[in-house]
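A closer look at the structure
This is what each chain is made of:
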Amino acid sequence: MLLSLSNIAKSYQTAEGPIDILRGIELNLAAAESVALTGESGSGKSTLLHLAGGLDRPDGGTIVINGRDIGALDDSGRARYRRSEVGLVFQQFNLIPSLDVAANISFHAKLAGRFDADWERELVEHLGLDRLLTRYPEQLSGGQQQRVAIGRTLAARPPLVLADEPTGNLDEATGDAVLDLMLSLSRTAGSALLLVTHSMRLADKLNRKVFLRGGKIVS
Ligand code: ADP
Ligand code: MG
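My aim in this report is to walk through the structure given alongside it, one point at a time.

Conventions and cut-offs
Residues numbered from 1 in each chain as written. Chains lettered and ligands numbered in written order. Predicted model: local features only at pLDDT ≥ 70, side-chain atom pairs only at ≥ 80, totals over all residues. Heavy atoms only, no water. Near = heavy atom within 4 Å. Polar contact = N/O pair within 3.5 Å; in protein donor to acceptor, adjacent residues only side chain to side chain. Areas by Shrake-Rupley, 256 points an atom, 1.4 Å probe, with all protein chains shown as cover. Nonpolar A, V, L, I, M, F, W, Y, C, P; charged D, E, K, R; others polar. Helix = DSSP H or I, 4+ residues; strand = E, 2+ residues; numbered from the N terminus. Buried < 20%, exposed > 50% of the residue type's maximum accessible area, 1.4 Å probe, protein only. Lys, Arg positive; Asp, Glu negative; His and termini not counted. Salt bridge = Lys/Arg side-chain N within 4 Å of Asp/Glu carboxyl O. Contact = heavy atoms within 4.5 Å. Core = buried A, V, L, I, M, F, W, Y, C linked by side-chain atoms within 4.5 Å.

The next thing to look at is the site of ligand 1. Taken together, the residues surrounding ligand 1 are Tyr-12, Ile-21, Glu-40, Ser-41, Gly-42, Ser-43, Gly-44, Lys-45, Ser-46 and Thr-47. Contact between ligand 1 and Ser-46: an oxygen atom at 2.9 Å from a side-chain N or O atom of the residue. Within the side chain of Thr-47, one N or O atom sits 2.6 Å away from an oxygen atom of ligand 1. In the complex, the protein chains occlude 59% of the 560 Å² of accessible area that ligand 1 would expose alone. Of the residues contributing to the shell around ligand 1, the split by class is 2 nonpolar, 6 polar and 2 charged.

On to the side chain of Asp-100, then. Note on placement: Asp-100 falls in the loop between β6 (86-89) and α3 (101-111). Within the buried set, Asp-100 has no salt-bridge partner at all; the shortest N-O distance to an opposite charge, 9.1 Å, is to Lys-110. In terms of polar contacts, Asp-100 uses its side chain to reach the backbone amide nitrogen of Ala-102, at 3.3 Å. At a separation of 2.9 Å, a polar atom in the side chain of Asp-100 contacts the main-chain amide nitrogen of Ala-103. Asp-100 has contacts with Leu-133, Thr-134, Arg-135 and Tyr-136, leaving out every residue within four places of it along the chain.

This part takes up the nonpolar core. Nonpolar side chains in soluble globular proteins tend to end up buried together. Membership of the largest hydrophobic core comes to 35 residues, with the highest contact counts inside it found for Leu-154 and Leu-193. Breaking this core down by element, the ones donating at least two residues are α3, α4 (117-126), α5 (142-155), β7 (160-164), α6 (172-189), β8 (192-196) and α7 (200-203). If one sorts the elements of this core by residue count, α6 sits on top with 7 residues. Once residues within four sequence positions are removed from consideration, Leu-193 is found in contact with Leu-29, Glu-33, Ser-34, Val-35, Val-161, Ala-163, Met-182, Leu-183, Ser-186 and Leu-206.

Attention now goes to the environment of Ser-34. You can see Ser-34 is positioned in strand β3 (residues 34-38). Judged by relative accessible area, Ser-34 falls into the buried class, the value being 6%. Between the C-alpha atom of Ser-34 and that of Ser-191, which follows or precedes it by 157 residues, the distance is 8.6 Å.

This is how it looks when you write it as structure tokens:
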């Protein structure tokens, strides 16, 4: 298994007291597998992705990636994990405004020490970004910005890509095209994909669908 989440629990403190969001999550992803995660708004999908991405820690349970328990890592270990083994794609594109498209795409791969000019050229070509390389994020449409964000993530060929409603800010046709690119390029990169989406139509394109309900994964 590439990713094993076992008995994951997570609560948040609120003014009204703690609320349990995740109550015993069990989820496995094989290398290069694509899994759609759906569930009602507020069910904890983003919380789960944050935990798997090392952005937050669970209250209980284990998260094992490539045989390593990331719950046992200290802050710098988790920062290293985020840099080298996982790629995150969000609904907000989170591009760096002061860098042009080319620099945005190579930024993470360079940080991770995995810059590969040939692979990056291939990505740029497939994502249709050839003529946009010297533009800045504010000069791009939403669909173009998300294609840059996907290029940036896949440039480092992370074993695991976590995508949280990546097409949520795009119209349906643009979102479909962007998702198709993300699926085919993740496959080429050999990355596993855990994708949060509200759309059953998009979820159907992946290897497998799981649902988050009542703090647990149901298939
Ligand atoms: P989803 O992505 O499925 O819509 P989230 O994981 O974002 O759900 O949120 C799950 C629940 O946890 C929601 O009720 C949300 O309001 C709550 N929540 C999320 N983050 C926090 C936080 N930092 N503090 C308190 N409550 C939170
Ligand atoms: Mg969410």
